[in-house]
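If you want the building blocks of each chain, they are given just below.
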Amino acid sequence: MADGEVEIAPFSPSHAHAGTRRGTGFGAGLMREFLREAGGCAVIDGGLATELEAHGADLKDPLWSAKYLCTSPDLIKKVHLDYLEAGANILITASYQATIQGFESRGFSREESEALLRRSVELACEARGIFQGRRLRGSDRCSKDGISSKQHPVLIAASIGSYGAYLADGSEYSGNYGLEVTLETLKDFHRRRLQVLSEAGADIIAFETIPSKIEAQAYIELLQECNIKIPVWFSFTSNDGINIVSGDSLMDCASIADSCDNVVAIGFNCTSPRYIHSLILSIRKLTEKLILIYPNSGESYDPDKKEWVASNGVSGEDFVSYVSKWHEAGASLIGGCCRTTPNTIRAIAKALRKDFYPSKPDEELHNDIERNILKDSFLIDSA
């Protein structure tokens, strides 16, 4: 165990009351307890790759951030800790572009590739242990941001990126993989990675940047065929605020996710902030599950240059100005994706606390948490 790290029991889906009604489903108890301890709304971390680059990482590589699972795992752990210190309640692992096929193409064996997937979860868990250890040692006082140790539960979300992320050709932002890529192709590609990550110690699986209906369907079928026992979230991406990026209907895609008991939350990531509010309102009509959103900065990605280019990006202040509106619209898991930083997450955390507890002293704020949990967990309990 690393210096400063303590053994922290993670939230366990086995302790959750797994309801079967629509809107509850597998892992509902996990999320109900998690949101209760978080104060009714939880903060997802921000851009991992963005922060790695800020620390000098060169990510112009087919493995992207997953490259640093091999070359500098301590840097990944440092970025995880930076986001926790900024106020994040959910750490997303560095496995978005980590695939067995991708590692094998770089000369790793099947066993080594699977070990690197597990390492992505271990790094996040180690960061959580260090962070919670620090907070326990200072548990009689609030942090500099006014958050007591009892108000800062942490979940580990094991990231699974799309097939297009593995291709590293920008098709994750279109879902256009060609006619030769079928449902079975996608299932064969994702199957073993899903099995490894679901057994690696994460609290939840995060299917991220889902670009198409067919890939969503592949995930649903794999969850059933592999008998996955932990909860998952489905996060799509949109470039028009109406459909997902492939042009597939938001209604169709959300309905696929809503049909699965493993799925505890549905939403969007790597989508411009200007589309998020309308997407929340649309998805509220389609599901009773929790809604999550973690948009990018509003910039666009150039797959040829492999870099983000200015378009309608927003400043940190402007990004955070949307947070209260998104929360009021129905999102209860809120964070940032590409080009967002710990400063963005710190501001989101402050904005959400202000939503719940305006002008409250710390002790009164903590007491109010117990009375305020129904606002965002109501849908879980009363579907």
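Above this note sits the structure.
Below or above, wherever it landed, is the structure these notes cover. (Residues numbered from 1 in each chain as written. Predicted model: local features only at pLDDT ≥ 70, side-chain atom pairs only at ≥ 80, totals over all residues. Heavy atoms only, no water.)

## Considering the pairing of strand S5 (residues 232-236)
Stated precisely, the cut-off is as follows: Partly exposed describes any residue whose relative accessible area lies between the buried limit of under 20% and the exposed limit of over 50%, with all areas from a 1.4 Å probe on protein chains only and scaled to the type maximum. Numbering of helices and strands runs from the N terminus; a helix is a DSSP stretch of H or I covering at least four residues, while a strand is a stretch of E covering at least two. Pairing between strands is defined by DSSP: at least two bridges between the two strands are required.
Within S5, five of the five residues are buried, which leaves it mostly tucked inside the rest of the structure. Residues Val-232, Phe-234 and Phe-236 point to one face of S5 and Trp-233 and Ser-235 to the other, with burial holding for every one of them. Here strand S4 (residues 204-210) pairs with S5 via four bridges, running parallel. When the sheet's bridge partners are listed, Ile-210 is paired in S5 with Phe-236.

## A short note on the pattern of salt bridges
Threshold: Within this document, salt bridges are pairs made up of a side-chain nitrogen of Lys or Arg and a carboxyl oxygen of Asp or Glu, the two lying within 4 Å of each other.
Under the defined criterion, the tally for this structure stands at 18 salt bridges. One salt bridge in this structure joins Lys-187 and Glu-184, with 3.4 Å as the shortest N-O distance. Here the residue Lys-187 and the residue Glu-184 both occupy positions in helix H8 (residues 183-198), the gap between them amounting to three residues, near one helical turn. Here Glu-184 falls in the partly exposed class, since its relative accessible area comes to 40%. One salt bridge in this structure joins Lys-187 and Glu-221, with 2.8 Å as the shortest N-O distance. Of this pair, Lys-187 sits in helix H8 while Glu-221 sits in helix H9 (residues 213-225), and the two are 34 residues apart along the sequence. You'll find Lys-187 and Glu-221 in the same group, each marked buried. Each member of the salt-bridge network shares a partner with another, and the members are Glu-184, Lys-187, Asp-188, Arg-191, Glu-221 and Glu-225.

## A few points about the packing of helix H4 (residues 73-86) against helix H6 (residues 110-137)
To be explicit about the condition: Here the axes come from fitting lines to C-alpha atoms, over the contacting stretch only for helices, and the angles between their N-to-C directions go from 0 to 180 degrees. With respect to orientation, any angle under 35 degrees is reported as roughly parallel, any angle over 145 as roughly antiparallel, any angle of 65 to 115 as roughly perpendicular, and every other angle as oblique. Left-handed describes a crossing whose near helix is turned anticlockwise from the far helix through less than a right angle; right-handed describes the clockwise counterpart. Only heavy atoms matter for contacts: two residues are in contact if any of them lie within 4.5 Å across the pair. Three classes are used, and their members are as follows: Ala, Val, Leu, Ile, Met, Phe, Trp, Tyr, Cys and Pro are nonpolar, Asp, Glu, Lys and Arg are charged, and the others, Gly among them, are polar.
In the contact formed by H4 and H6, the axes pass within 9 Å of each other and the chain directions differ by 45°. It follows from the interaxial angle that H4 and H6 lie oblique. Classified by chirality, the crossing of H6 by H4 is right-handed. On the side of H4, the interface is formed by Pro-73, Ile-76, Lys-77, His-80, Leu-81, Leu-84 and Glu-85, while H6 contributes Leu-123, Ala-124, Glu-126, Ala-127, Arg-128, Ile-130, Phe-131 and Arg-134. Along the lines of polarity and charge, the residues of the contact of H4 with H6 split into nine nonpolar, one polar and five charged.

## Some points on the sheet that holds S4
Read from one edge of the open sheet, eight strands run S1-S10-S7-S6-S5-S4-S3-S2, paired in parallel fashion. Looking at which strands have only one partner, the edges of the open sheet turn out to be strand S1 (42-43) and strand S2 (90-92). Its contacts with the sheet place H6 against S2 and strand S3 (155-160), and it is angled at close to 160° to S3. On top of the sheet, helix H10 (residues 250-258) reaches S5 and strand S6 (263-269); it is set at about 150° to S6, its chief contact.

## Description of the packing of aromatic side chains
The relation between two aromatic rings is expressed through the spacing of the ring centres and the mutual angle of the planes. Worth spelling out the cut-off: Between the rings of Phe, Tyr and Trp (Trp by its six-membered ring), a pair exists once the centres lie within 6.5 Å; its type follows the angle of the planes, with under 30 degrees stacked, over 60 edge-to-face, and the other angles tilted.
Applying the stated criterion across every chain yields a total of twelve aromatic pairs. Their ring planes at 85° and their centres at 5.0 Å tell us that Tyr-163 and Phe-189 sit as a pair that is edge-to-face. Here Phe-189 lies in helix H8 and Tyr-163 lies in helix H7 (residues 163-167), a separation of 26 residues in the sequence. Both residues of the pair, Tyr-163 and Phe-189, count as buried. When the centroid spacing of 6.0 Å and the interplanar angle of 90° are considered together, the rings of Tyr-219 and Phe-234 count as edge-to-face. Here the residue Tyr-219 occupies a position in helix H9, and Phe-234 occupies one in strand S5, the gap between them amounting to 15 residues. In this structure, Tyr-219 and Phe-234 share a single accessibility class: buried. Through a chain of ring-to-ring contacts, three or more aromatic side chains come together here, namely Phe-207, Tyr-219, Phe-234, Phe-236 and Phe-268.

## So, the nonpolar core
Put simply, the test is: Working definition of a nonpolar core: buried Ala, Val, Leu, Ile, Met, Phe, Trp, Tyr and Cys residues. They are joined through side-chain atoms within 4.5 Å.
Counting residues in hydrophobic clusters, the biggest one holds 85 residues, and the most contacted among them are Phe-207 and Phe-234. Contacts of Phe-207, omitting those with residues within four sequence positions, involve Ile-160, Leu-194, Tyr-219, Leu-223, Val-232, Trp-233, Phe-234 and Ser-235. The next biggest cluster of nonpolar side chains, apart from the first, holds 23 residues, and it includes Ile-44, Leu-155, Trp-233 and Ala-265.

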